[in-house]
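Chain and residue survey
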Amino acid sequence: MVNPVGAPVLTVSATDCDQGQNGLIEYYILPDPTVSPFFLIEDLSEGKIITTGNLSRSGEMYLTVMAKDKGSPPLNGTAVVTLSVFDNRPFVPHFNRSEISVSVSENTGVDYLIYDFAVVETSGKPIDYTVVSGNERSHFRLDPESGELRTAVNLDYEEVSQYVILIQANKRVSSAAEVQRSGLFAENAAMLTISVQDVNEEPVFSSHSYSARIPSSVPYKYPVITVQATDPDSGDNGRLLYSLVRGQTNEFDINENTGQIFTVSVAGKAGTFYLEVQAADQGARRLIAWTTVNVTVDSSSSSNIVMLVLNQKINVVERKSVEVQRVLEDKLGWNVYMLNIYSKESDRNSRNSTDKTQVDIIAFDEAHQEVPAEDVKRKLREQKGDIELGLEEVFSASVSTTVGEAPAAPASPELVAAIVLGVLLASTFIAFLAYVLLDLKRKRKYGKEDLIKKVEIVDGIDNPWADDKNGGLKSLEKPEHMNNGRTEMMSFDNLESTRGDDAEKDEIQAPEKDNYLETVLLDYKGESEENGAPEKAAESRNVEVQPTTRSTTEQDSFLTDRNQKPALSLTPHPTLSDPEKELKGVKFSEVAVILDTEPEDDESEDNEPEDDEFGDDGSL
């Protein structure tokens, strides 16, 4: 029943008395769905019957064979072949599942149980389990008796993420014949697919600590050192971001993607700075690695920076900056720092493709003391030939070097801020002074205009309180010198009202009692000089300045009845002025001048009480 493909069964034969084509015979198996698919004739002219594989059943099987000649017309004959089929199949174990899938996490370690294989029925016979394929790397180990499949190595998702292993179960045999009869069948084979799951693993720095040394005159974003961590994971679990622990960014900062530490501001600082750097992956459960970086900053001065000019394009120099620095250190015998690489002075921050490149360098000796610029320049000139030969090997082209003058260091941000603040404060103070001066000038101008206006109003008006010898009001006459363009002001001094019933008996003796109208010339020296007539102003001053007195006059003290006593007596308090000092103005002390701008009818009505008080001749 169990037969390999092409197993011989028998050979049938027929005879034909004809000659030639009529005597040539071919053999065919007549179709039968239950039998013919398992047999075939190997050679049609020989009649050898062979099997196509295992037979479907045991017992007798009937096969009809036809012999046909090649005559025209062809003639044929048939015969029935009886086959006795016996069951020669060995015991074949059966797996309950032919296809199996499992998942296992990486990093489970060695001897981790992946799967335990077992057949449905053994019939009391021992079973052997073997790996047919899929374990070429020997990552797994199968127990042939128990069927347990375990790991032989620590599985790594990044190395192999999936395995497909074919397992076979057979009855244990002891002879070679039994081995030949045993084989791989669908029932005793199982295909196991092992999927390895990625597990987030911790990143690891290449070193537990790093160290670097730089001068204090390096510019912003000068590269100090690059730290590097590795993570075997893929995707977000393997993407690392670097950062400085505790926000140590006053002097240094780090590129979060590359791990390069650069300077922020170390000008004027010296000493060792201890930085702690962390690398964190971006997985759901973030894992972090730490390392320390010790940066020593040596004190240096910008005056010791030396400019070296190379006849190479700036992009080439930047790409070969490490090799250029190595050549300079080898030829000069000092530690050389390349502070800046630029094409020209006006384009420091650009990268134009020019044929000349300036390189700012500073040198330190073995004792970490900066070398004076003059010594560096001298040695650059002495070693010019050797330096150019070394650079020619780096650039693979002819190189010429010249020593230039390093540009002056730019002002620090603090100094610029102080200058700007000082300018703003000075501008504010000047603006304030200008405002104060303009305000004083404006007030003085308007004050003069108001004073002149008051004088012009008073000018030409009779004194309503002065009596002549006849008891009437005495009009004040405008002096002749008032017409020559000068402005004068009248002040009242020691004014006394008339007393008694008879006004004619009381008279004001101005020269005798010093009660007179004092005419004071307003002498503005500044105006006289501007008008260009100082001499004319002096001639017009024909009234001698008399000592002025302070008098207090209230409207309530005026007599409204001849028989009424005055409510307040005016007592002069003379105050002498310095005759050598030129009078600059007139000071009115509580002098009330009552003016009425109403029409003449109202003015006459308003003056009636005054007529009653001072007499009929007191009209203004």
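Residues numbered from 1 in each chain as written. Predicted model: local features only at pLDDT ≥ 70, side-chain atom pairs only at ≥ 80, totals over all residues. Heavy atoms only, no water.

For the rest of this paragraph, the subject is a nonpolar patch on the surface. Together, F429, I430, F432, L433, Y435, V436, L437 and L440 make up a nonpolar patch on the protein surface, roughly 840 Å² of accessible area in all. Along the chain, the position of V436 falls in helix α6 (residues 413–458). (Patch = residues over 30% accessible without salt bridge, like charges linked within 9 Å, V, L, I, M, F, W, Y side chains within 5 Å. Areas by Shrake-Rupley, 256 points an atom, 1.4 Å probe, with all protein chains shown as cover. Salt bridge = Lys/Arg side-chain N within 4 Å of Asp/Glu carboxyl O. Helix = DSSP H or I, 4+ residues; strand = E, 2+ residues; numbered from the N terminus.)

Looking at the secondary structure, you find A152 in the loop between β11 (148–151) and β12 (162–171). Overall, the relative accessible area of 27% leaves A152 in the partly exposed class. Along the chain, A152 and G109 lie 43 residues apart, while their C-alpha atoms are 8.4 Å from each other. Every residue in contact with A152, bar those within four places of it in the chain, is listed here: V110, S138, H139, F140 and R141. (Buried < 20%, exposed > 50% of the residue type's maximum accessible area, 1.4 Å probe, protein only. Contact = heavy atoms within 4.5 Å.)

All right, on to the pattern of salt bridges then. This model, assessed by the stated rule, comprises 14 salt bridges. A salt bridge links D439 to R442; the shortest N-O distance between them is 2.5 Å. With a gap of three residues between them, D439 and R442 both fall in helix α6, about one helical turn apart. In this structure, the salt-bridge partner of K443 is D439, at a minimum N-O distance of 3.4 Å. Of the two residues, K443 and D439 are both situated in helix α6; the distance of four residues between them amounts to about one turn of the helix. It is possible to trace a salt-bridge network through shared partners that takes in D111, R141, E148 and R150.

In space, the four strands of this open sheet follow the order β7-β13-β12-β9, with mixed pairing throughout. Each end of this open sheet is capped by a strand with a single partner; those strands are β7 (99–105) and β9 (127–133). Mean inter-strand twist for the sheet, computed between neighbouring axes without regard to direction, equals 30 degrees. Pairing of β7 with strand β13 (residues 189–197) involves seven bridges; the strand directions are parallel. Bridge pairing links I100 to L192 in β13. (Pairing = 2+ DSSP bridges. Axes fitted to C-alpha atoms, helices over the stretch in contact; angles between N-to-C directions.)

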